[in-house]
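# Architecture at a glance
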Amino acid sequence: MKYIRLVMVFCVAVVVFPLELMAQSTLKINLNPVVKSSIGKTIQGAVITSAEDDYSAVSDSLGVVKLLVTANTYLSVEAPGYETRLFRATPDLEEITLYGDLEGDDVRVAFQTKDKRDLLGGISYVNMPEVLEDNYITYPLDRMEAFVSGFNGNLWGNNYSLVLVDGVPRDVDSVHPTEIAQMTFLKGVNAVALYGSRAAKGVIMITTKRGVANTQNITLRTNAGVNTPKSYPEYLGSGEYMTLYNEARTNDGLSPLYSENEIYNYSSGNNIYRYPNVDYYSPDYLQEAYARYDGNLEISGGNETARYYTNVGFMTEGTVLNFGQAAENANERFNVRGNIDLNLNDFISAKVDASAIFYNSRGVNSIYSIGEDNIDYWQGSTILRPNRFAPLIPLDYIEQGDDSSWDLVQTSDHLIGGKYLLGGTQLDQKNPIADIYAGGSNTYTSRQFQFNAGVDADLRNVLEGLSFSSLFGLNYNTSYNLSFENEYAVYQPSWTNYNGIDQIQSLTKYGQDASSRTQNINNNWFRQTVSFSAQLNYKRTFQEKHNVSALLLANGFQISESAMYHRVSNANLGLYLAYNFKQKYYAEFSSALAHSAKLPEGNRKAISPTMSLGWRLSGEEFLSSSSVVDDLRVSVSGGILNTDLDIEDFYLYEPIYTDEGSWYEWKDGLNNTGTDVRRGENLNLTFPKREEISLELEASLFNKLIYLNGSVFTSRMTGLFVQNNILYPSYFVTGWPISSWIPYVNYNNDIRNGVDFQLNLNKKVGEVDWTVGVSGLYYDTKASKRAENFEDSYQNRQGMPLDAIWGLESIGFFSGVDDIENSPTQAFGEVRPGDIKYKDQNGDGIINAQDEVYLGRGGWSGAPLTMGFHVSAKVKNFTVFALGTLRSGAYAMKNNDYFWVNADDKYSAVVRDRWTEETQDTATFPRLTTLNGANNFRNSDFWLYSTNRFDLAKIQLSYSFPQRILGSGFIKELGTYVSGSNLLTISPNRDILEMNIGSAPQTRFYNFGIRAMF
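The structure reproduced in this document is the subject of the present report. Please read these numbers as outputs of a predicted model, since none were measured by experiment.

Our next topic: the packing of aromatic side chains. Evaluated as defined, the whole model comprises 45 aromatic pairs. Pairing Phe 813 with Phe 942 gives two aromatic rings, centres 5.6 Å apart and planes at 70°, and the pair type is edge-to-face. With Phe 813 in strand β44 (residues 810–813) and Phe 942 in the loop between β51 (891–893) and β52 (944–946), this pair connects stretches of sequence that are 129 residues apart. Among the residues examined, Phe 813 registers a relative accessible area of 16% and is labelled buried. By the ring-pair criterion, three or more aromatic residues cluster together here, those being Tyr 232, Tyr 235, Tyr 280, Tyr 281, Tyr 285, Phe 323, Tyr 377, Trp 378, Tyr 437, Tyr 898 and Phe 899. In this arrangement the basic side chain of Lys 785 is found over the ring face of Tyr 747, its NZ or CZ atom lying 4.3 Å from the centre. Its end group placed over the ring of Tyr 779, Arg 857 keeps NZ or CZ at 5.1 Å from the ring centre.

Looking now at the sheet that holds strand β3 (residues 47–50). Within the open sheet, the four strands sit side by side as β4-β3-β6-β7. Their pairing is antiparallel. The sheet is open, and its two borders are formed by β4 (55–58) and β7 (85–88), each paired with just one other strand. When strand polarity is set aside, the average angle formed by the axes of neighbouring strands in this sheet is 25°. As judged from the three bridges shared by β3 and strand β6 (residues 74–78), these two strands associate in the antiparallel manner. Counterpart to Thr 49 in the pairing with β6 is Ser 76.

With that settled, consider the sheet that holds strand β13 (residues 168–169). Ordered by their spatial adjacency, five strands build an open sheet running β11-β14-β15-β12-β13, and the pairing between neighbours is mixed. With one partner strand each, in any of the chains shown, β11 (123–127) and β13 form the two edges of the open sheet. Bridge count for strand β12 (residues 162–165) against strand β15 (residues 203–208) is four bridges, and the pairing is parallel. The residue of β15 that forms the bridge with Val 163 is Ile 204.

Among the secondary structure elements, Asn 329 is positioned in the loop between β18 (306–317) and β19 (330–343). Using a relative accessible area of 12% as the deciding quantity, one classes Asn 329 as buried. Here Asn 329 is in contact with Glu 317, Gly 318, Thr 319, Leu 321, Arg 362, Gly 363 and Val 364, once residues within four sequence places are set aside.

All chains considered together, the criterion is met by 41 salt bridges. A salt bridge links Asp 252 to Arg 927, with the shortest nitrogen-to-oxygen separation between them at 3.1 Å. Here the residue Asp 252 occupies a position in the loop between α4 (238–251) and α5 (260–268), and Arg 927 occupies one in the loop between β51 and β52, the gap between them amounting to 675 residues. Taken as a pair, Asp 252 and Arg 927 share a single burial class, namely buried. Through salt bridges with shared partners, a single ionic network connects Glu 145, Arg 887, Arg 949 and Asp 951.

With 14 residues, α4 extends 20 Å between its outermost C-alpha atoms, agreeing within 8% with the 20 Å of an ideal straight helix rising 1.5 Å per residue. In terms of residue burial, α4 counts as a mostly covered element, since 10 of its 14 residues are buried. At its buried positions, α4 is contacted by α5. Count one or two residues on from α4 and you reach Gly 253, which has phi positive near 80°.

On to the nonpolar core, then. Tyr 377, Leu 422 and Tyr 907 are the most contacted members of the largest nonpolar core, which has 66 residues in total. Those residues in contact with Tyr 377 that lie beyond four places of it in its chain are Tyr 280, Tyr 285, Leu 286, Leu 321, Phe 323, Ser 366, Pro 432, Ile 433 and Ile 436.

Where α4 contacts α5, the axes come no closer than 7 Å and their chain directions differ by 155°. Comparing their axes, α5 and α4 come out roughly antiparallel. Across from Ser 238, Gly 239, Met 242, Thr 243 and Asn 246 in α4, the residues of α5 making contact are Glu 262, Ile 263, Tyr 266 and Ser 267. Among the residues forming the contact of α4 with α5, the class breakdown is three nonpolar, five polar and one charged.

Buried residues dominate β11, accounting for four of its five residues. Here five bridges tie β11 to strand β14 (residues 180–186), and the two strands are oriented antiparallel to one another. Bridge pairing in β14 links Val 126 to Met 183.

Within the secondary structure layout, Phe 1008 lies in strand β55 (residues 1003–1013). Residues Phe 1008 and Leu 384 lie 624 residues apart in sequence; the distance between their C-alpha atoms is 39 Å. Once residues within four sequence positions are removed from consideration, Phe 1008 is found in contact with Thr 222, Asn 223, Ala 224, Thr 976, Tyr 977 and Val 978.

Further remarks concern α5. For α5, the full list of buried residues reads Ile 263, Asn 265 and Tyr 266. One side of α5 holds all its buried residues, which, seen down the axis, span an arc of 165°. Counted as exposed and oriented over 90 degrees from the buried face of α5: Glu 260, Asn 261 and Tyr 264. Residues of α5 that are buried make contact with α4. Just downstream of α5, Gly 269 is the residue with a positive phi angle, here 75°.

Right, let's talk about empty space enclosed by the protein for a bit. Here the structure, examined in full by the defined rule, presents four cavities of 30 Å³ or more. Lining of the second largest cavity is provided by Val 109, Ala 110, Gln 112, Lys 114, Leu 120, Ile 123, Asn 190, Ala 191, Leu 194, Tyr 576, Glu 588 and Ser 590. Broken down by secondary-structure element, the contributors of at least two residues to the lining of the second largest cavity are β10 (112–115), α3 (189–192) and β32 (585–595). Here the lining of the second largest cavity is composed, by residue class, of seven nonpolar, three polar and two charged.

Quick look at the pairing of β55 now. Counting buried positions along β55 yields eight of 11 residues, so the element is predominantly enclosed. When strand β16 (residues 214–229) meets β55, the two strands line up antiparallel, connected through 11 bridges. Bridge pairing in β55 links Asn 223 to Gly 1009. Here strand β54 (residues 973–986) pairs with β55 via nine bridges, running antiparallel. Pairing of Gly 975 across the sheet is with Arg 1011, part of β55.

Here we come to unusual backbone geometry. Positive phi, close to 65°, is recorded for Phe 111, a residue that is not glycine. With respect to the helices, strands and loops of the structure, Phe 111 is situated in the loop between β9 (106–109) and β10. Judged by its relative accessible area of 10%, Phe 111 falls in the buried class. At Tyr 160, a residue that is not glycine, the phi angle is positive and equals roughly 65°. By secondary structure assignment, the location of Tyr 160 is in the loop between α2 (128–134) and β12.

A few words on the side chain of Asn 246. Summarising the element assignment, Asn 246 is placed in helix α4. Classification of Asn 246 by relative accessible area gives buried; the value is 9%. At 2.8 Å, the side chain of Asn 246 forms a polar contact with the backbone oxygen of Tyr 258. In contact with Asn 246, other than residues within four places in its own chain, are Pro 256, Leu 257, Tyr 258 and Ile 263.

Parameters and conventions
- Each chain carries its own residue numbering, running from 1 in the written order of its sequence.
- Where totals are concerned, whole chains, interfaces and linings use all residues; where local detail is concerned, this predicted model gives features only for residues with pLDDT of at least 70, and gives and counts side-chain atom pairs only at 80 or more.
- Note: side-chain values were computed over all heavy atoms of the structure, leaving out hydrogens and water.
- Pairing of aromatic side chains here covers Phe, Tyr and the six-membered ring of Trp, requires ring centres within 6.5 Å, and sorts the geometry by plane angle: under 30 degrees stacked, over 60 edge-to-face, intermediate tilted.
- Numbering of helices and strands runs from the N terminus, with a helix taken as a DSSP run of H or I at least four residues long and a strand as a DSSP run of E at least two residues long.
- Throughout, exposure labels follow a simple rule: accessible area from a 1.4 Å probe, protein chains only, divided by the maximum for the residue type, with under 20% read as buried, over 50% as exposed, and the rest as partly exposed.
- Charge-over-ring placement is defined geometrically: NZ (Lys) or CZ (Arg) within 6 Å of the ring centre, and within 35 degrees of the ring normal.
- At least two DSSP bridges between two strands are required for those strands to pair.
- For helices, the fitted axis covers only the stretch in contact; all axes are lines through C-alpha atoms, and the angles between them, taken along N-to-C directions, range from 0 to 180 degrees.
- Any two residues whose heavy atoms approach within 4.5 Å are treated as being in contact.
- The salt bridge criterion pairs a side-chain nitrogen of Lys or Arg with a carboxyl oxygen of Asp or Glu, the two atoms within 4 Å.
- In this analysis, the expected span of each helix is defined as 1.5 Å times one less than the number of residues it contains.
- Within this scheme, the nonpolar core is defined by two criteria: the residues are buried Ala, Val, Leu, Ile, Met, Phe, Trp, Tyr or Cys, and they are joined through side-chain atoms within 4.5 Å.
- Should an angle fall under 35 degrees it is taken as roughly parallel, and over 145 as roughly antiparallel, whereas 65 to 115 is taken as roughly perpendicular and any remaining angle as oblique.
- Think of it as three bins: nonpolar holds Ala, Val, Leu, Ile, Met, Phe, Trp, Tyr, Cys and Pro, charged holds Asp, Glu, Lys and Arg, and polar takes everything else, Gly as well.
- Comment: arc refers to directions from the helix axis out to C-beta atoms.
- For each structure, a 1 Å grid was placed over the protein atoms alone; sets of points admitting a 1.4 Å probe that cannot get out are labelled cavities, open sets with protein on both sides within 12 Å along at least five of seven lines are labelled pockets, and lining residues have an atom within 4 Å of a point.
- Grid points are joined across faces, edges and corners, and a volume is the space filled by probe spheres set on the points.
- As used in this structure description, the phrase polar contact means that two N or O atoms lie within 3.5 Å; if the pair is within protein, one of them must be able to donate a hydrogen and the other to accept it, and residues adjacent in sequence are counted only when both atoms belong to side chains.

Geometry only, nothing functional implied.
Printed below as a string of structure tokens:
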């Protein structure tokens, strides 16, 4: 009976289960999704079709569409100006996102647009609206290493990347992220070849948004935030400084300068005006935080004939200085952009773009001179010792009967708060605090104007697939300073004490109060860029499987800049040929005929050929049915680019003759001038070359759960210019009269090898939509060919990194006189116990420059290893986003005055760990000295530190108000977000990395923003 019951249950299950499945598959559901663009704008007029139900509906003015369709059926969604997409009809379908121009699968590359599946040769891209959705930024390249493989501030470790905004060379900060549709990073030689010589180190392409055929959409975004300084340099107070300065003099065999009584008075703080203890980082001068506000308005729309996009934005930001006229310091930016697209007829279209950026920075005349150096407040704060003078002299301390001093008070133009005179000395008649109170004000003004015009023609009547495109671009940047410069007097008090009360018995005045009330204009500067390109395009598919494209272009730009005699130019002809079979097998050829006026006639033109080959393995039968591999493609690229980017100046091929030499005769007072040679001639100079080969892999796995892209590259720069006397006989150079016949030659070679990768994961776990991204770049460099003649092979630069740091190897401190006498001779000056001891690398008994060795990589083109991480989790209407960056493998030298403290320098907190007889076993700083300390303060591993760091760069929490709250009112969508930037640095040398010395401090930024759509 038991088995009969089991069989019956089984039979019922077999019958009922298919019926249940059928019932589920035919179940009708009601849906009311909102149709949006990828930047969150609602789309009216989108058509949603269910082929299974033979049913369609149209979205209303709020983007809402009402559907009654079969559960789990596929919905086709299309709208003018957007790509068509498929969605599954499920009960949780509340939002449908469509991609417009240059979003989704379209990627803008050199002079054309490609499907992202067809990208070869080291190309990465980001769609900026997708970035801004979870991560609001105000600088286009802010933390892009978290989204773009191969980017670390440079591309593949190269510097001098060419930045193009809508195809024209422009500053990257001339465009706000909200204006940007897409940024493309062209890294490989095949990707950049069409741009010619000045693009040989990589190209960053910025493409701004354009209007789409749709009803008008308005987006308003506003932000308010505060900057809080991370840290300030720490300097010793007056009493501690004076004590240690006495110690330094004692170390040098000199008598102390300050008495115990003086040190006590300066330490007590009983009268900070007579015995000053000035802290330039105190709340007296700096505020704890300062505000930043910005707003942005976007308007777009149009129809099939005309489309428009407009962006208007502003920004205002204060500073941390909070006294005198500096309390009114501010940076202000206003920008406006208009992009228009016109279809003149069925064959001809045109576009006109214009943009203007107005930038003002209000400041104070806080720059004065010490020797040959111009010093501002932050630089002065690192130089002026705390006991040097009191910045303010209180009137309350002046004796009532001191008529001469009160006369000075009455005639002064600058009574600070009605209570103080400006302090100073004969040596400090100018100082940063007095400058900020009385030195006058200035306004830095910058204006940028950008203009583009282009015409496209469809020539299919001439030849199917043929078209013509052209673009003219113009930039004009100008800046200048408007200032009111005031002269002012400072006063030095003479103090006395009556019955235990300090009083000022007299004042000495230095300088005069004077103001011309004349507005000065100086530091005028301009830069003008003119760009033009024209191209014939051919693109056609034969038999639905042979995809052919070609491009022939002429491209060039010229940059004129004030104070530059020769304009920077780039001109080339380009040829592009491409073929792919069913998007399975690819072949691309790109080449440019480059021209450069930096080379001698006859060598100013060169052809740069490059090629890429690709194979989509997922299109083959053995992977076509794989449940793991959605898409898998490998490609290889290589080529030779001729470039003048590393040629420092014009006319280096020509000889130089001067009349700076003099020949003195026997008769007093007479001399004859002579002609000397400074450089020889070389009319055989040619382009340096970037020779490169790279291998790339791209994969999509597990139904788009994982996306992976990676490249391995080796790149060689050959024929770099060098003027090196090792290559020529010694008689080519004479010491007197000074003369050199040595020319520039193509000689030096450099190598860069590296790997980059990008990994993205997208997965919904329960109610949470997760997105995780990791990007990275590791590269090394090598000077593969050098002309050098070092006596010791360990000093050869050939074979070493290009960013090598060289210095001495330290082996502790000298412990005493016997240690000094039994050690190699120090060639850098007299040494004493507590000075740094170095290793004699060549055993010659002398420590000198010949003992310098390789210490580490400086990371001057980015850290050897750079990685970026971003994670977002979306739950219903909430989104949490976090971004971090990692930099590893580079070093830096602690070689500024904060660490190299000698002579009369201001003492920083590092000197507390100085060497003394008592601390010689624990000291981390050499003995103090009032001399130059030449032995101690030079490049060595003693001062070397690692710049390895992980930064939690951003956390943002966003919330989108649901449609049921907004209803059918004026506001279609509303969202808000809070974020924190530069939040945390994890590093063994965090205190150094977060501290700015001689400049405004690094800050953390906390922001609140609102985004609304109408």
